[in-house]
Amino acid sequence: MRDLKESIIPTVLLRNPVFRFSLVILAYVVLSALVIGANPFRGETTAPMDLLLSYTGWSSVGEGGLVEHPERSDVLDAFIPQWSEVKRNLREDGLGLWNQASSGGRPAFIDLSRSLLTPSFLMFNLVEDDWLGFYLACLIKLVIACVGAYLFLGFFVSRQFAFIGGLLFSLIGFHSAWFYWPHVATSIWIPWVLWGVTGWCQRLEARWFIALV
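Everything in this summary refers to the structure shown in the same document. (Residues numbered from 1 in each chain as written. Predicted model: local features only at pLDDT ≥ 70, side-chain atom pairs only at ≥ 80, totals over all residues. Heavy atoms only, no water.)

### A look at the packing of helix 3 (residues 17–36) against helix 8 (residues 159–170)
As a packed pair, helix 3 and helix 8 sit with axes 11 Å apart at the nearest point and diverge in direction by 30 degrees. With respect to the hand of their crossing, helix 3 and helix 8 are arranged in right-handed fashion. In this structure, helix 3 contributes Arg20, Val24, Ala27, Tyr28 and Leu31 to the contact, and helix 8 contributes Arg159, Ala162, Phe163, Gly166 and Leu167. When its residues are assigned to classes, the contact of helix 3 with helix 8 shows seven nonpolar, one polar and two charged. (Axes fitted to C-alpha atoms, helices over the stretch in contact; angles between N-to-C directions. Helix = DSSP H or I, 4+ residues; strand = E, 2+ residues; numbered from the N terminus. Left-handed = near helix turned anticlockwise from the far one by under 90°. Contact = heavy atoms within 4.5 Å. Nonpolar A, V, L, I, M, F, W, Y, C, P; charged D, E, K, R; others polar.)

Spelled out as structure tokens, the structure:
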């Protein structure tokens, strides 16, 4: 098995920590995509869309079905429309300071409760299609959680166990229950903070203090 792996990937690359870390990230991207289950190459995304199609205003679409997650209506009623409005403003005037999707309007980036200053919204804003943007926003949250836990656990266990631990952290019950809300946009950074604290406490180097900050 080792000979086969070395024949596919040169030994020099395998010894390179940057290359190994890149493989870890790539593996997490693939595994996270499998966890999400949607296929973006077929125009699929992940969200409680069954609830959206059950609304009267969408009856002309001609599709519907059993609503499986009625408690997640806030995602469709407020969260995604507000993200879409801010993205539209950014593409039109490059500012996105005001969000007109709410009644009477509300601040956009100044309102930290909408997860606009996050990698998720960055991914959402990079592509024109909202459905693909929301898929990428969900994907990046899982990958960030995986990588952070992998780095933190790497202080205490082998890389193989740290890899498994990173995947398990991304799949904890809290993330499953609140996946579409800003709660998870915060919790995915917990292992990163622990990683910075541990590195600083163990080595007392300036770079770890910068990482923690």
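### Considering the packing of aromatic side chains
The full count for this structure, using the stated rule, is 16 aromatic pairs. Aromatic ring contacts, followed pair by pair, group Phe152, Phe155, Phe156, Trp189, Trp192, Trp195 and Trp208 into a single cluster. Residue placement shows Lys87 over the ring face of Phe124; its charged tip is 4.3 Å from the ring centre. If you follow Lys141 out to its NZ or CZ, it ends over the ring of Phe179, 4.7 Å from the centre. (Phe/Tyr/Trp six-rings, centres within 6.5 Å; stacked < 30°, edge-to-face > 60°. Lys NZ or Arg CZ within 6 Å of the ring centre and 35° of its normal.)

### Describing the nonpolar core
If you look at the biggest cluster of nonpolar residues, it comprises 40 residues, and the most contacted ones within it are Ile36, Trp83, Phe121, Phe134 and Tyr180. At 16 residues, helix 7 (residues 130–153) tops the list of elements feeding residues into this core. (Core = buried A, V, L, I, M, F, W, Y, C linked by side-chain atoms within 4.5 Å. Buried < 20%, exposed > 50% of the residue type's maximum accessible area, 1.4 Å probe, protein only.)

### Details of helix 6 (residues 119–126)
For helix 6, the full list of buried residues reads Ser120, Phe121 and Phe124. Down the axis of helix 6, the buried set is contained in an arc of 90 degrees. They therefore lie on one face. (Arc of directions from axis to C-beta.)

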